[in-house]
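Chain residues, written in single-letter form:
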Amino acid sequence: MSPPVDGMIIAPFDPGPGYEGHWGVDYEGDPDGLVVAAARGTVIFAGLVVYNPVVTVDHGGGLWTSYSYLDHVTVMAGQDVERGTVVGTVGAGTGHGDVHLSVRVDGEYIDPLRVVGCLARAPAAGLRLVEVR
C-alpha cells in the first residue's frame, strides 16, 4: 500500500481505551494537494462523519482504509479505485492541513504503518520488519 499523500507523518497511531486516542496516522498535506487511495479496492463510504468528509475503501480480505480531514470528496460509494486514484483533496476547509489515514482489518483498527510502505529518506532507515499472517 502507498501513503495517501507525500507528506511526513505528524501524528502517530496512539489508540486509547474505548474511542479515546488516535486510531490512525496523520500525514502533513498541502492544502491544495490530492489524497489518493492506498491500494486497489471499492469505495464503500463517501460522505460526512461529524461534519468531516471521509472516504472508506474496501480492499478485500477484510482490509479497509479510511481517509479523513478531506476538503472535497472526488469518488462515490460503489466506485472501483486503483492505487493512486484521487479520492479527495486535503482538508484546509476542515481546519486541518493534514490527512488522517486509518486502517481496519476484520473491523479492528491497526497501525497503518504495518501495511503502508516504508517512507525512509536514508538507506539506513529503509529496512522495516512487518508481521506476516
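Our subject is the structure listed above.
Predicted model, so just to flag it, every value in this text is computed and none were measured.

Asker: It is not clear to me how the sheet that holds strand β5 (residues 34–36) should be interpreted in this structure. Could you clarify?
Answerer: Consider a sheet: its strands pair through backbone hydrogen bonds, and that pairing is either parallel or antiparallel. As summarised here, the arrangement of the 3 strands in space is β5-β11-β9, forming an open sheet in which the pairing is antiparallel. Strand pairing shows two members of the sheet lacking a second neighbour, β5 and β9 (70–73), which therefore form its edges. Across the sheet, the mean angle from the axis of one strand to that of its neighbour is 35 degrees, orientation sign disregarded. The sheet contact formed by β5 and strand β11 (residues 86–90) spans 3 bridges and is antiparallel. Residue Val36 lies in a different strand from β11, and its bridge partner there is Val86.

Asker: Just to check I follow, could you spell out the nonpolar core for this structure?
Answerer: One broad rule of soluble globular proteins: the nonpolar side chains tend to lie buried together. By size, the foremost hydrophobic cluster in this structure holds 22 residues, and its most contacted members are Val35, Val55, Tyr67, Val87 and Leu101. Of all the secondary structure elements, the ones that give two or more residues to this core are β4 (25–28), β7 (52–58), β8 (63–68), β11 and β12 (98–105).

Asker: In this structure, what is going on with the side chain of Arg104? I would like to understand it.
Answerer: Checked against the element boundaries, Arg104 lands in strand β12. At 3.0 Å, the side chain of Arg104 and the side chain of Ser66 are in polar contact. Excluding residues within four positions of it along the chain, Arg104 makes contact with Thr56, Gly62, Leu63, Trp64, Ser66 and Tyr109.

Asker: Sorry if this is basic, but what is going on with the packing of aromatic side chains here?
Answerer: Each pair of aromatic rings is reported with the distance of its centres and the angle of its planes. If you walk through the whole model with that rule in mind, you get 2 aromatic pairs. Seen from their ring centres, Phe13 and Trp23 are 6.5 Å apart, and the 90 degrees between their planes marks the pair as edge-to-face. With Phe13 in the loop between β1 (9–11) and β2 (14–15) and Trp23 in the loop between β3 (21–22) and β4, this pair connects stretches of sequence that are 10 residues apart. Accessibility expressed as a relative area gives 22% for Phe13, which makes it partly exposed. Overall, Trp23 belongs to the partly exposed group, its relative accessible area being 24%.

Asker: Honestly, the pattern of salt bridges in this entry has me stumped. Any pointers?
Answerer: Side chains that carry opposite charge are capable of pairing whenever their charged atoms lie near each other. Applying the stated criterion to the full structure yields 1 salt bridge. A salt bridge links Glu82 to Arg40; the nearest nitrogen and oxygen atoms lie 3.1 Å apart. One end of the pair, Glu82, is in the loop between β10 (80–81) and β11; the other, Arg40, is in the loop between β5 and β6 (41–49), with 42 residues separating them in the sequence. For Glu82, a relative accessible area of 41% corresponds to the partly exposed category.

Asker: What am I meant to see in unusual backbone geometry here?
Answerer: Positive phi values are uncommon outside glycine, yet Tyr69 reaches one of about 70 degrees. Of note, Tyr69 is situated in the loop between β8 and β9. Although it is not a glycine, Asp106 adopts a positive phi angle of roughly 50 degrees. Here Asp106 shows up in the loop between β12 and β13 (108–110). Judged by its relative accessible area of 61%, Asp106 is exposed.

Conventions and cut-offs
Residues numbered from 1 in each chain as written. Predicted model: local features only at pLDDT ≥ 70, side-chain atom pairs only at ≥ 80, totals over all residues. Heavy atoms only, no water. Pairing = 2+ DSSP bridges. Helix = DSSP H or I, 4+ residues; strand = E, 2+ residues; numbered from the N terminus. Axes fitted to C-alpha atoms, helices over the stretch in contact; angles between N-to-C directions. Core = buried A, V, L, I, M, F, W, Y, C linked by side-chain atoms within 4.5 Å. Buried < 20%, exposed > 50% of the residue type's maximum accessible area, 1.4 Å probe, protein only. Polar contact = N/O pair within 3.5 Å; in protein donor to acceptor, adjacent residues only side chain to side chain. Contact = heavy atoms within 4.5 Å. Phe/Tyr/Trp six-rings, centres within 6.5 Å; stacked < 30°, edge-to-face > 60°. Salt bridge = Lys/Arg side-chain N within 4 Å of Asp/Glu carboxyl O.

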